[in-house]
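Take a look at the letters that make up each chain.
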Amino acid sequence: NERYKKFVNLEDEYFMNNGTKDLIDYMKVESLNDSCVQNFTYELAIPYYLKKPSCTPYYSSFLAGSISLQKNYISKLKESNPSFIVYRSDKFIIDGIDIHERLINVNLYIKNNYYLHKKINRFLIYKKKI
């Protein structure tokens, strides 16, 4: 019981490695005026650490594997129009398939509408083209 109380009261930083902490520190400032964050990686804790909801219902992007779900994902991206997308991390393969390969249509949309803004350790952050 005491260990549980201690564990649930730990700061978020306790659970982050240095690379993730650097990303979160940067994004907290850079996305200060954004009401949401879009994550296109397998790092599912990013919205939690930023204390912002996902810009789309696709919190776990990799689950949108079918063509119809990818079309919906793109539609939701157009609707929410996120300023930034956390595009890549070192956790880019689950079950042998890279998320960018799994979601080819979504990846193409991102590549056509966003550009590489910043590399922070193992993370790539894309920013909306103007």
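Residues numbered from 1 in each chain as written. Predicted model: local features only at pLDDT ≥ 70, side-chain atom pairs only at ≥ 80, totals over all residues. Heavy atoms only, no water.

Participant: Let's hear about the state of the cysteines: which residues, and what values?
Facilitator: Note on terminology: disulfide describes a covalent bond linking the sulfur atoms of two cysteines. One pass over the structure, following the stated rule, counts one disulfide. One disulfide in the model links Cys36 with Cys55; its S-S distance is 2.1 Å. On the sign convention where negative means left-handed, the S-S torsion of about 100° between Cys36 and Cys55 marks this disulfide as right-handed. Taken together, the positions of Cys36 in the loop between helix 2 (18–30) and strand 1 (38–39) and Cys55 in the loop between helix 3 (46–50) and helix 4 (67–80) put the pair 19 residues apart, joining distant regions of the chain. Neither Cys36 nor Cys55 differs from the other in exposure class; each is buried. (Disulfide = S-S within 2.5 Å. Helix = DSSP H or I, 4+ residues; strand = E, 2+ residues; numbered from the N terminus. Buried < 20%, exposed > 50% of the residue type's maximum accessible area, 1.4 Å probe, protein only.)

Participant: Got a sec to walk through the packing of aromatic side chains? Specific residues and values, please.
Facilitator: Evaluation of the coordinates by the stated rule reveals six aromatic pairs. With a centroid separation of 6.3 Å and 80° between ring planes, the pair formed by Phe40 and Tyr73 is classed as edge-to-face. In this pair, Phe40 sits in the loop between strand 1 and helix 3 while Tyr73 sits in helix 4, placing the two residues 33 residues apart along the sequence. Here the two residues Phe40 and Tyr73 agree in accessibility, since each one is buried. Between the aromatic rings of Tyr58 and Tyr73, the centroid separation amounts to 4.7 Å while the plane-to-plane angle is 5°, which identifies the pairing as stacked. Taken together, the positions of Tyr58 in the loop between helix 3 and helix 4 and Tyr73 in helix 4 put the pair 15 residues apart, joining distant regions of the chain. The pair formed by Tyr58 and Tyr73 is uniform in burial state, with each residue classed as buried. (Phe/Tyr/Trp six-rings, centres within 6.5 Å; stacked < 30°, edge-to-face > 60°.)

Participant: Explain the nonpolar core residue by residue, including any values.
Facilitator: Counting 17 residues, the largest nonpolar core has Phe40, Tyr73, Leu77, Leu103, Val106 and Ile110 as its most contacted members. Listed by contribution, the elements that provide at least two residues to this core are helix 4, strand 2 (84–88), helix 6 (104–113) and strand 6 (123–128). Residues Ile46, Leu50, Val86 and Phe123 belong to the second largest nonpolar core, which totals 13 residues. (Core = buried A, V, L, I, M, F, W, Y, C linked by side-chain atoms within 4.5 Å.)

Participant: Hey, could you go over the side chain of Ser61 for me, with residue numbers and the actual values?
Facilitator: Here Ser61 lies in the loop between helix 3 and helix 4. Ser61 gets classed as buried once you look at its relative accessible area, which sits at 0%. When residues no more than four places from it in sequence are discounted, the contact partners of Ser61 are Gln38, Asn39, Phe40, Tyr73, Ile99 and Leu103. (Contact = heavy atoms within 4.5 Å.)

Participant: Break down the sheet that holds strand 6 for me, citing the residues and quoting the values.
Facilitator: The pairing of strands in a sheet comes from backbone hydrogen bonds and takes either a parallel or an antiparallel form. Reading across from one edge, 1-2-6-5 is the order of the four strands in this open sheet, with mixed pairing throughout. Two strands in the sheet have a free side with no partner beyond their single neighbour: strand 1 and strand 5 (114–120). Across six bridges, the pairing between strand 5 and strand 6 is antiparallel. Looking at the pairing, Leu116 lines up with Tyr126 of strand 6. (Pairing = 2+ DSSP bridges.)

Participant: Help me get a handle on the pattern of salt bridges, residues and values and all.
Facilitator: In the structure shown here, the tally under the stated rule is five salt bridges. One salt bridge in this structure joins Lys51 and Asp12, with 2.5 Å as the shortest N-O distance. Of this pair, Lys51 sits in the loop between helix 3 and helix 4 while Asp12 sits in the loop between helix 1 (2–8) and helix 2, and the two are 39 residues apart along the sequence. With a shortest N-O distance of 3.2 Å, Glu43 and Arg122 are connected by a salt bridge. Residue Glu43 is located in the loop between strand 1 and helix 3, and its partner Arg122 is located in the loop between strand 5 and strand 6; the two are separated by 79 residues in the primary sequence. Its relative accessible area of 10% is what places Glu43 among the buried residues. (Salt bridge = Lys/Arg side-chain N within 4 Å of Asp/Glu carboxyl O.)

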